[in-house]
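# Working through the structure, step by step
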Amino acid sequence: MDFELTPEQRGLRREIIAFARQELGATVAEDDRTGRFPIEDWRRCADFGVLGWPVPTTYGGGGLDPLTTIIALEALGYGCRDNGLVFAIGNHLWGCAVYLLNHGTEEQKNRFLKPLCDGGLIGAHALSEPEAGSDVLSLRTTAVRDGDRYLLNGTKCFISNGPEAGLFVVFARTGDGGGRAQNALSAFLVPADLPGVRKARELGKMGLRTTPMGVVEFDDTPVPAANLIGREGAGYSIFTSTIEWERSFMFAGHVGVMERLLETSVERASTRRQFGRPIGSFQAVAHQIADMKIRLETARLLLYRVGWLKREGRFALLDATIAKIVISEALVQTALAAAEVHGAQGYVTDLAIERELRDALGGPIFAGTSSVQRGVLAELLGLQGALSGEAR
Ligand SMILES: Cc1cc2nc3c(=O)[nH]c(=O)nc-3n(C[C@H](O)[C@H](O)[C@H](O)COP(=O)(O)OP(=O)(O)OC[C@H]3O[C@@H](n4cnc5c(N)ncnc54)[C@H](O)[C@@H]3O)c2cc1C
């Protein structure tokens, strides 16, 4: 196994870090306060190619292989102070574009991928509903076939990018699945300018406040049958076979943030003196920092392994699930440790450590909560019913 980055990957990493530091996040403190989406930074990312990194060049993307995409996103997370912007990009890529890449028809790819890559369309993923969170199969949004279209009705909530999105990947019930819940759902590409699409409400949140989030309603929205992803009734299997990307690639930026927090904490522990000594010379502080490094390297190894599996074209749900749990929880622990090492400076807004902590807290919830991921893992290990309480 080769753990070295190639010269190209090292060069790309350097370029991305320089771009992110110089061009992104200049207004993050104010945007975090007001909950503003930095559209000008989004456009800079589009121009730099970020929005199409994993998309083949034939569809207007950068054609990066999965492992290189992970290295690129990690560098973006490290260099960009605006974690909400990086999270918005993650939703765009892994909640929307990847569904087209893996399951779209040629016609759908040609229609939607280019504007997703060049910044013309912002992508979003609309699965969660007021009554259906972890229990995806209980969702209530319906899509009823009506000639060459489907009429879509329902309400989706907590939709990242929702208020700004031009294209939603929407999951809806298209029947009873012949008595099998897994066959009752279908996935659709729903442009935001179709009649009956209503961006009903923006949601304020604790962290990642520069990612817009909202409630989206569909009222007899006529979705062309040509916008069905895969076949009718395949929505759940499309979701479960694609979620491994979201559960791992979405967290590449987290690894970059962990590295940034580690460096900031080492600097603080070396320069801040109490009792006549640098605080880093106290074992309690030094061990906090050692644990930050252990978490960082554990997270990175797990993530790169998923990148390698996907580059080899292999199924990676188990590895992605482990990576999701470990990385999201590691970032929370690391952000807490950074706050502690910084004392009151970790609590006030001057150094933004408190923002890093608020931003970290969503990770163990989105893309499936930590508890639910542990249930998924147990089921993958053969413990039927560990997640749903029944053998599905
Ligand atoms: C920052 C952020 C961004 C998001 N973005 C999107 C998005 O873009 N699109 C989208 O569709 N959704 C999005 N979501 C919603 C997210 O997917 C859901 O929050 C998540 O799936 C959990 O659902 P819930 O919040 O309804 O919690 P619930 O399902 O109600 O769970 C509540 C608690 O019960 C526990 N629980 C539930 N079932 C089980 C079980 N079987 N075993 C053990 N514990 C269980 C959970 O772990 C949790 O602690 C986002 C959420 C956040 C926080």
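The following refers to the structure shown. It should be emphasised that the depicted structure is a prediction, and the values quoted were computed from it without experimental measurement. (Residues numbered from 1 in each chain as written. Predicted model: local features only at pLDDT ≥ 70, side-chain atom pairs only at ≥ 80, totals over all residues. Heavy atoms only, no water.)

## Observations concerning a nonpolar patch on the surface
Taken together, Met1, Phe3 and Leu301 make up a surface patch of nonpolar side chains, about 430 Å² in accessible area. When its relative accessible area of 61% is taken as the criterion, Phe3 is described as exposed. (Patch = residues over 30% accessible without salt bridge, like charges linked within 9 Å, V, L, I, M, F, W, Y side chains within 5 Å. Areas by Shrake-Rupley, 256 points an atom, 1.4 Å probe, with all protein chains shown as cover. Salt bridge = Lys/Arg side-chain N within 4 Å of Asp/Glu carboxyl O. Buried < 20%, exposed > 50% of the residue type's maximum accessible area, 1.4 Å probe, protein only.)

## Regarding the site of the ligand
His125, Ser128, Ser134, Thr369 and Leu387 are the nearest of the 17 residues found near the ligand. Take His125: an N or O atom from its main chain is 2.8 Å from a nitrogen atom of the ligand. For the ligand, a nitrogen atom lies 2.8 Å from a polar atom in the backbone of Leu387. Alone, the ligand offers 970 Å² of accessible surface; in the complex the protein occludes 64% of this. Contributions of two or more residues to the shell around the ligand are made by α5 (83-103), β3 (149-160) and α12 (370-380). When the residues that make up the shell around the ligand are grouped by side-chain class, the tally is 9 nonpolar, 8 polar and no charged. (Near = heavy atom within 4 Å. Polar contact = N/O pair within 3.5 Å; in protein donor to acceptor, adjacent residues only side chain to side chain. Helix = DSSP H or I, 4+ residues; strand = E, 2+ residues; numbered from the N terminus. Nonpolar A, V, L, I, M, F, W, Y, C, P; charged D, E, K, R; others polar.)

## Side note on the layout of surface pockets
In this model, the second largest pocket occupies a volume close to 450 Å³. Lining the second largest pocket are 16 residues; nearest its centre among them are Asp2, Phe3, Leu67, Tyr304 and Trp308. Those elements giving two or more residues to the lining of the second largest pocket turn out to be α4 (66-79) and α9 (283-311). Broken down by element, the residue count for the lining of the second largest pocket peaks at 7 residues, all from α9. Looking at side-chain class alone, the lining of the second largest pocket contains 8 nonpolar, 2 polar and 6 charged residues. If you count residues domain by domain, the lining of the second largest pocket takes at least three from each of domain 1 (7-122) and domain 3 (251-380). (1 Å grid on protein atoms, 1.4 Å probe; cavity = no way out; pocket = protein on both sides within 12 Å on 5 of 7 lines; lining within 4 Å. Points joined across faces, edges and corners; volume = space filled by probe spheres on them. Domains from an automatic or database assignment.)

## Some points on the packing of aromatic side chains
All chains considered together, the criterion is met by 13 aromatic pairs. Pairing Tyr236 with Phe239 gives two aromatic rings, centres 6.5 Å apart and planes at 35 degrees, and the pair type is tilted. In this pair, Tyr236 and Phe239 are both assigned in helix α7 (residues 235-249), 3 residues apart and thus about one turn of the helix distant. The structure contains a cluster of three or more aromatic residues connected by ring pairs, namely Tyr99, Phe171, Tyr236 and Phe239. Of note, Arg13 hangs over the ring of Tyr78, and the distance from its end group to the ring centre comes to 5.7 Å. (Phe/Tyr/Trp six-rings, centres within 6.5 Å; stacked < 30°, edge-to-face > 60°. Lys NZ or Arg CZ within 6 Å of the ring centre and 35° of its normal.)

## Topic: the packing of α4 against α5
Packing of α4 against α5 brings their axes to within 10 Å, and their N-to-C directions diverge by 155 degrees. Here α4 lies roughly antiparallel to α5, going by the angle between them. α4 and α5 meet at a crossing whose hand is right-handed. In contact with Thr69, Leu73, Leu76 and Gly77 of α4, α5 contributes Val86, Ile89, Leu93 and Trp94. Partitioned by chemical class, the residues of the contact of α4 with α5 number 6 nonpolar, 2 polar and no charged. (Axes fitted to C-alpha atoms, helices over the stretch in contact; angles between N-to-C directions. Parallel < 35°, antiparallel > 145°, perpendicular 65-115°, else oblique. Left-handed = near helix turned anticlockwise from the far one by under 90°. Contact = heavy atoms within 4.5 Å.)

## Observations concerning the environment of Trp94
Within the fold, Trp94 resides in helix α5. By relative accessible area, which is 2% here, Trp94 ends up buried. Along the sequence, Trp94 and Pro54 sit 40 residues apart, while their C-alpha atoms lie 9.9 Å from each other. Setting aside residues no more than four positions away along its own chain, Trp94 makes contact with Pro54, Thr69, Leu73, Tyr99, Trp245, Glu246, Phe249 and Met250.

## A word on the nonpolar core
One finds Leu76 and Ile89 to be the most contacted residues of the largest nonpolar core, which totals 100 residues. The residues touching Leu76, leaving out its near neighbours within four places in the chain, are Ile16, Ala20, Leu24, Val50, Trp53, Val86 and Ile89. Among the nonpolar cores identified, the runner-up in size contains 20 residues, and Leu152, Phe188, Ala192 and Leu194 belong to it. (Core = buried A, V, L, I, M, F, W, Y, C linked by side-chain atoms within 4.5 Å.)

## Quick look at the pattern of salt bridges
Inspection of the entire model under this criterion finds 25 salt bridges. We note a salt bridge from Arg305 to Asp319, for which the minimum N-O separation is 2.8 Å. Within this pair, whereas Arg305 is found in helix α9, its partner Asp319 is found in helix α10 (residues 317-341), the two being separated by 14 residues in sequence. A relative accessible area of 36% places Arg305 in the partly exposed class.

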